[in-house]
Amino acid sequence: MKLFVDTADLNEIREAASLGVISGVTTNPTLLAKNGSGDVKSTIQEICRLVPNGPVSMECVTETAEEMLAEGREFVKWADNVYVKVPFNVEGMKAVRAMTNEGIRTNVTLVFSTNQVLLAAAAGATFISSFVGRLDDIGFDGLQVIQEAVELIELHEFDSQILAASIRHPLHVTQAAAAGAHISTIPFKVIKQMYNHPLTDKGIAAFKADWEKLNGPVSV
Ligand code: E4P
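By convention here, each chain's residues receive numbers from 1 onward along its written sequence. Thresholds applied to this predicted model are a pLDDT of at least 70 for local features of residues and 80 or more for the giving and counting of side-chain atom pairs; totals over whole chains, interfaces and linings are not thresholded and use all residues. Side-chain numbers come from the whole structure's heavy atoms, not from hydrogens or water.

Draft legend 1. Molecular detail of the side chain of Ser-184. Put simply, DSSP marks the helices as runs of H or I at least four residues long and the strands as runs of E at least two long, and each gets a number from the N terminus on. With respect to the element layout, Ser-184 can be found in strand β8 (residues 183-186). Burial classes follow relative accessibility: with a 1.4 Å probe on protein chains only, a residue under 20% of its type's maximum area counts as buried, one over 50% as exposed, and anything between as partly exposed. Judged by relative accessible area, Ser-184 falls into the buried class, the value being 0%.

In structure tokens:
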């Protein structure tokens, strides 16, 4: 499973890129608004420079298929690694079909059911973002949709990749990986939490202390 970072914060992306484990970035209008810059094009271009080999998702905000197609055509001019994020609905899936036919790579977002996954795959989506946390928040099992989505894609040999989105904590990442999600997009805070284990810290401190007892202070 590939790990993407779910943020439009340039400092977070810079730090995430330096970790050597991140292979893409997802943004959405909320994350871009949080970042504060009105110059979305420059922000996306900077993100694309920071993660040059990874997909960077930029979301459509219009309503008709024609408008979204026009947005998508514009976004992909910004950088080679821009993927067009398209909200799931009837117009969105028409737009995805048109973009796919033109070779524009897409990320269908706001997917909450297995039938929506099926329709997005049939429209030719490159990535399908199935939201885990927002389903859990209303008492449904977000991971179950991921499991069914992965099975559906493999069974029917669709080309789309399942992207586990709306990740809230490290266990969501573990479960998405175990379910076979192709990608998980993760808030930077959660990526940092994934590194932590008290027994690792304790073990490192103990090894260092024992080494120093043996050889004196460690020098490099
Ligand atoms: C991903 O691309 C989505 O925009 C994102 O994961 C949504 O997460 P949220 O439910 O935390 O807003």
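Draft legend 2. Here's a closer look at the sheet that holds strand β5 (residues 106-111). Sheet architecture is closed into a barrel: eight strands sit in the order β1-β2-β3-β4-β5-β6-β7-β8, paired in parallel fashion. Two strands pair when backbone bridges link them, and strand β1 (residues 2-6) and β8 are joined in this way by four bridges, in the parallel orientation. Among the inter-strand pairings, Val-5 is bridged to a residue of β8, identified as Ile-186. Across the face of the sheet, helix α6 (residues 114-122) comes into contact with β5, β6 (127-131) and β7 (161-165) while running at roughly 160° to β5. Note on pairing: DSSP must find at least two bridges between two strands before they are called paired. Any pair of residues with heavy atoms lying within 4.5 Å of one another is described as a contacting pair. For helices, the axis comes from a line fit to the C-alpha atoms of the stretch in contact; other axes are also lines fit to C-alpha atoms, and the angle between any two N-to-C directions lies between 0 and 180 degrees.

Draft legend 3. Just helix α3 (residues 40-50), in detail. Along α3, the residues classified as buried are Thr-43, Ile-44, Ile-47 and Cys-48. For α3, the arc enclosing every buried residue in end-on projection is 135°, short of the 170-degree limit, so these residues lie on one face. On its buried face, α3 is in contact with α1 (10-18), β2 (25-26), α2 (29-35), β3 (56-59), α4 (65-78) and β4 (82-87). To obtain the arc, one takes the directions from the helix axis to the C-beta atoms.

Draft legend 4. A nonpolar patch on the surface, seen in detail. Grouping into patches uses exposed residues only, defined as over 30% relative accessible area, and leaves out salt-bridged ones; the cut-off is 9 Å for like charges and 5 Å for nonpolar side chains (Val, Leu, Ile, Met, Phe, Trp, Tyr). Working definition of accessibility: Shrake-Rupley area with a 1.4 Å probe, residue cover restricted to the visible protein chains. Definition used for salt bridges: Asp or Glu carboxyl oxygen within 4 Å of a side-chain nitrogen of Lys or Arg. Among the surface-exposed residues, Leu-19, Val-21 and Tyr-195 lie close enough to one another that they form a single nonpolar patch of about 260 Å² accessible area. The residue Tyr-195 is located in helix α10 (residues 188-195) in this model. Residue Tyr-195 is classed as partly exposed on the basis of its relative accessible area of 49%.

Draft legend 5. Region of interest: the pairing of β6. Of all five residues making up β6, five are buried, and the element is well covered by its neighbours. In β6, alternate side chains face the same way, and those of Phe-127, Ser-129 and Phe-131 on one face and Ile-128 and Ser-130 on the other are all buried. Bridge count for β5 against β6 is three bridges, and the pairing is parallel. Across the sheet, residue Val-111 finds its bridge partner in β6, namely Ser-130. Crossovers are marked right-handed if the path from the first strand over the helix to the second runs clockwise, as seen with the strands pointing away from the viewer. Where the polypeptide runs from β5 across α6 and back to β6, its parallel neighbour, the crossover connection is right-handed.

Draft legend 6. Region of the structure containing the environment of Val-61. For Val-61, the position within the fold is in the loop between β3 and α4. Sequence separation of Val-61 and Pro-29 is 32 residues, and the distance between their C-alpha atoms is 8.0 Å. With residues up to four places along the chain from it excluded, the contact list for Val-61 reads Pro-29 and Glu-71.

Draft legend 7. Spatial organisation of the state of the cysteines. Throughout, disulfides are identified as pairs of cysteine sulfur atoms within 2.5 Å of each other. On inspection of all chains with the given rule, the structure shows zero disulfides. Not engaged in a disulfide, the cysteine Cys-48 finds its nearest cysteine sulfur in Cys-60; these two sulfurs lie 15 Å apart. Since its relative accessible area comes to 5%, Cys-48 is described here as buried. Cys-60 gets classed as buried once you look at its relative accessible area, which sits at 2%.

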